[in-house]
Amino acid sequence: YSLVTPRFPEAVLHLQNPPYSGEIVTIRRTGRDDPGAKIDSITWNGRKLDRPFLSHADLVAGGTLTFSLGK
C-alpha cells in the first residue's frame, strides 16, 4: 500500500473478516496540524519505514502506523 499524509489525527480499524478477525490497525498523525505539513517520518510498530509503502501482510497482522509531520 502506498502511504500518504492522513487528514485525521487518529483512526482505528478493526479487521473483521477471516483470517484477519480481531486484528487492529491504528493510524496516527503527530506533529504539525497544518494542511501544508510534509511527512518527516513514518513508523510501523515503532520501526521507521525507509519508503512510503506497507505490505498487505504487515497491515493485516495489525499494528500502529504513525506519521510524524514537520515543515
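For the structure itself, consult the block above.
Residues numbered from 1 in each chain as written. Predicted model: local features only at pLDDT ≥ 70, side-chain atom pairs only at ≥ 80, totals over all residues. Heavy atoms only, no water.

(A) Representation of unusual backbone geometry in the model. In the segment running from proline 18 into proline 19, the intervening peptide bond is cis, with an omega of 5 degrees. Structurally, proline 19 is set in the loop between strand E1 (10-14) and strand E2 (24-31). (Helix = DSSP H or I, 4+ residues; strand = E, 2+ residues; numbered from the N terminus.)

(B) Layout of the sheet that holds strand E4 (residues 47-48). Reading across the sheet, the five strands line up as E1-E2-E5-E3-E4 and stay open at both edges, with mixed pairing between neighbours. Here the strands that pair on one side only, and so sit at the sheet edges, are E1 and E4. Relative to strand E5 (residues 63-69), E2 runs parallel, the two sharing seven bridges. Bridge pairing in E5 links threonine 30 to serine 68. (Pairing = 2+ DSSP bridges.)

(C) Just the pairing of strand E3 (residues 39-44), in detail. Bridging between E3 and E5 involves five bridges; their strand directions are antiparallel. Note on E5: the bridge partner recorded for tryptophan 44 is leucine 65. For E3 and E4, the ladder comprises two bridges, and the chain directions are antiparallel. Within the sheet, the bridge partner assigned to tryptophan 44 lies in E4 and is arginine 47.

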